[in-house]
Amino acid sequence: MVYRTKLPDTASVANSQGDGRLFASSAERNSAPIVSLIERIAPKSGEALEIASGTGQHIVKLASSIPNLSWSPSEVDGERIKSISLWIEGGNLSNIKPPLYLDATEIGWAKSLPQSEFILLINLLHLISWNEMETLISELSKALK
């Protein structure tokens, strides 16, 4: 498995909070509309996988607003995985699992995870190639129950 060590230059800007957490003003701005939409379309319970969880800001707000889903955040970047862990720790929510390293553009990733009732993907497709997108969508279909 090849681990990515650097996000593409086009990835969102996130700034350090000084405690290891990253903060993206765009994530803060769009979190309320995202949560509102997900509350309407997500299943009432089950497993939810967030692909490319970024800073971790969204997953905490989602888990707080939709407590009957068990959330699994994921990310390809080590600094962002650390940030997600710290946001989760600060949120003190029992329905978020520790973040997973997941390169969702890699063939076969769906076999390594339990199937989910819900998969959320925000802000990734414009950062990857067409071939990577095809792989991602193919694997998503296998990862859903």
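Remember, it's a predicted structure, so these values are computed and weren't measured experimentally.

A.B. asks: Honestly, the overall build of the protein chain in this entry has me stumped. Any pointers?
C.D. replies: Across its full length, the protein chain carries 4 helices and 6 strands. Written out in order from the N terminus, the α and β elements of the protein chain read β-β-α-β-α-β-α-β-β-α. In the protein chain, which comprises 145 residues, the share counted as buried stands at 45%. If you sum the accessible surface of the protein chain, you get close to 7900 Å²; carbon and sulfur atoms cover 55% of it.

A.B. asks: When you look at the sheet that holds strand β4 (residues 69–75) in this model, what are you seeing that I'm missing?
C.D. replies: Each strand in a sheet pairs with another by means of backbone hydrogen bonds, the pair being arranged parallel or else antiparallel. Within the open sheet, the 4 strands sit side by side as β5-β4-β3-β6. Their pairing is parallel. Only two strands of the sheet have a single neighbouring strand rather than two, namely β5 (100–101) and β6 (118–121). Relative to β6, strand β3 (residues 46–51) runs parallel, the two sharing 4 bridges. Bridging across to β6, E50 finds its partner in L120. Contacting β3, β4 and β6, helix α2 (residues 57–65) runs over the sheet at an angle of about 175° to β4.

A.B. asks: I would appreciate a short explanation of the environment of K97 in the present structure.
C.D. replies: Inspection of the secondary structure assignment puts K97 in the loop between α3 (78–91) and β5. Overall, K97 belongs to the partly exposed group, its relative accessible area being 32%. Each C-alpha atom, one on K97 and one on S74, is 9.8 Å from the other, the two residues being 23 residues apart in sequence. If we skip the residues at most four places from it in the chain, K97 touches E47, S70, W71, S72, P73 and I88. One polar contact links K97 to E47, side chain to side chain, over a distance of 2.6 Å.

A.B. asks: Would you explain the nonpolar core in this entry?
C.D. replies: Across soluble globular proteins, you tend to see nonpolar side chains buried next to one another. The biggest cluster of nonpolar side chains holds 18 residues, and the ones touching the most others in it are I38, I59, L62, W71, I96 and F118. Of all the elements, α2 adds the most residues to this core, at 4 residues. Counting residues in hydrophobic clusters, the runner-up holds 15 residues, among them L49, L102, W109 and L136.

A.B. asks: Is there a simple way to think about the pairing of β4 in this case?
C.D. replies: Looking along a regular strand, one sees the side chains alternate between the two faces of the sheet. Taken across its 7 residues, β4 has 7 buried, putting it largely inside the fold. By the bridge criterion, 5 bridges tie β3 to β4 in an arrangement that is parallel. In the sheet register, L49 faces β4, and the bridge partner there is S72. The β-α-β motif built from β3, the intervening α2 and the parallel element β4 has right-handed crossover chirality. Of the pairings in the sheet, the one linking β4 to β5 comprises 2 bridges and is parallel in character.

A.B. asks: Mind showing me how you'd approach α2 here?
C.D. replies: Residues lying three or four places apart along an α-helix face the same way, a consequence of the helix completing one turn every 3.6 residues. Every buried residue of α2 is listed here: Q57, H58, I59, V60, L62 and A63. Contacts made by the buried residues of α2 are with β2 (22–23), α1 (25–41), β3, β4, α3 and β6.

A.B. asks: Just checking my understanding: could you explain α3 for this structure?
C.D. replies: Taking 1.5 Å of rise per residue, the 14 residues of α3 would be expected to cover 20 Å, and the 20 Å separating its terminal C-alpha atoms lies within 8% of that figure. Along α3, the residues that are buried comprise R80, I81, S83, I84, W87 and I88. One side of α3 holds all its buried residues, which, seen down the axis, span an arc of 160°. The outward face of α3, more than 90 degrees from its buried face, is lined by the exposed residues G78, E79, K82, E89 and G90. Of the residues that open α3, the one with a side-chain oxygen 3.3 Å from the backbone nitrogen of E79 is D77. Remark: N92 follows α3 within two positions and exhibits a positive phi of approximately 50°.

About the criteria used
- Residues numbered from 1 in each chain as written.
- Predicted model: local features only at pLDDT ≥ 70, side-chain atom pairs only at ≥ 80, totals over all residues.
- Heavy atoms only, no water.
- Helix = DSSP H or I, 4+ residues; strand = E, 2+ residues; numbered from the N terminus.
- Buried < 20%, exposed > 50% of the residue type's maximum accessible area, 1.4 Å probe, protein only.
- Areas by Shrake-Rupley, 256 points an atom, 1.4 Å probe, with all protein chains shown as cover.
- Pairing = 2+ DSSP bridges.
- Contact = heavy atoms within 4.5 Å.
- Axes fitted to C-alpha atoms, helices over the stretch in contact; angles between N-to-C directions.
- Polar contact = N/O pair within 3.5 Å; in protein donor to acceptor, adjacent residues only side chain to side chain.
- Core = buried A, V, L, I, M, F, W, Y, C linked by side-chain atoms within 4.5 Å.
- Right-handed = clockwise from strand over helix to strand, strands pointing away.
- Expected span 1.5 Å × (residues − 1).
- Arc of directions from axis to C-beta.

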